Amino acid sequence: MKIGIIGAGNIGGNLTRRLTALGHDVSVANSRGPETLKELTEETGASAVRVEEAARDAEVVVVTIPLKAIPNLPSGVLDGAAKDVAVIDTGNYYPQQRDGRIAAIEDDGLTESRWTEQHLGHPVIKAFNGTYAQDILDRPRPAGAPDRMALPVAGDDAAAKARVRALIDELGFDTVDAGGIDDSWRQQPDTPVYGLQAGTEAVTKALAEASPERPAGFRG
């Protein structure tokens, strides 16, 4: 599958490593330019491209950059992607630590991924946002393994969600359907499921126990 990854930090870099190892055709981009990704591309065989080119012909695009950088993405960043492209949003809102206050999230009640979706002009599937980057490398397990981790996945597009869940299964993790994008607050920072290294039963329980009230440490 043709996969574009926008962002080459810890999550983006490790997804590049795993997805290329599984045989996918991966293009990866960051804000500093393709020449800064030489080490990653030599290691993985992925193609380093400009952000504007990352989605070209991609069936899946992973957007894994700081939330505050989303509005700075080039206009039409998803132009040229496959018609039914599934867009994965791994982002989190850290108003005090990194992103500053975003009124649409805090005052209007948008979930982080709904806000991201509006800026991208395309539906997104929220996944990997509460996953430790190292777990992507260290914790894959075959289906049915007793210690196989499960990841929550939220989104409104059923077909795109199914594709993302199948890809996560291929990566070696179970998934739990966390509802639509307006339900994705259940997997935001400081919720019970955030960073949880557990199976489907525990992840399902953690999602149900989440509170819609944003914790004080994650308000601007």
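Residues numbered from 1 in each chain as written. Predicted model: local features only at pLDDT ≥ 70, side-chain atom pairs only at ≥ 80, totals over all residues. Heavy atoms only, no water.

Caption draft 1: The arrangement of the overall build of the protein chain in detail. Helix and strand counts for the protein chain stand at eight helices and eight strands. Expected size for 220 residues packed as a compact globule is a radius of gyration near 17 Å; at 16 Å, the protein chain falls within 12% of this value. Here the C-alpha coordinates of the protein chain stretch approximately 40 × 40 × 30 Å along the principal axes. In the protein chain, which comprises 220 residues, the share counted as buried stands at 52%. Long-range contacts, defined as pairs at least 24 residues apart, comprise 68% of the intrachain contacts of the protein chain with a sequence gap of at least 6. Only carbon and sulfur atoms are counted for the fraction: they give 46% of the accessible area of the protein chain, which is about 9800 Å². With 23 positive and 33 negative side-chain charges, the protein chain shows a separation of 2 Å between the mean positions of the two kinds. (Helix = DSSP H or I, 4+ residues; strand = E, 2+ residues; numbered from the N terminus. Rg over C-alpha atoms; globule rule 2.2 N^0.38 Å. Buried < 20%, exposed > 50% of the residue type's maximum accessible area, 1.4 Å probe, protein only. Contact = heavy atoms within 4.5 Å. Areas by Shrake-Rupley, 256 points an atom, 1.4 Å probe, with all protein chains shown as cover. Lys, Arg positive; Asp, Glu negative; His and termini not counted. Charge placed at Lys NZ, Arg CZ, Asp CG, Glu CD.)

Caption draft 2: Up close: helix α7 (residues 158-171). Taking 1.5 Å of rise per residue, 14 residues should cover 20 Å, and α7 covers 20 Å from first to last C-alpha, within 8% of that figure. When α7 is considered as a whole, its buried residues turn out to be Ala160, Lys161, Val164, Leu167, Ile168 and Leu171. Projected down its long axis, α7 carries its buried residues within an arc of 125°, all on one side. For α7, the exposed residues lying more than 90 degrees away from the buried face are Ala158 and Ala159. (Expected span 1.5 Å × (residues − 1). Arc of directions from axis to C-beta.)

Caption draft 3: Inspection of unusual backbone geometry at higher detail. Even without glycine at this site, Asp57 takes up a positive phi of about 65°. Tracing the sequence through the fold places Asp57 in the loop between β3 (47-48) and β4 (60-63). Take Asp57: its relative accessible area is 53%, and that puts it in the exposed class. At Asp190, a position not held by glycine, the phi torsion is positive, near 75°.

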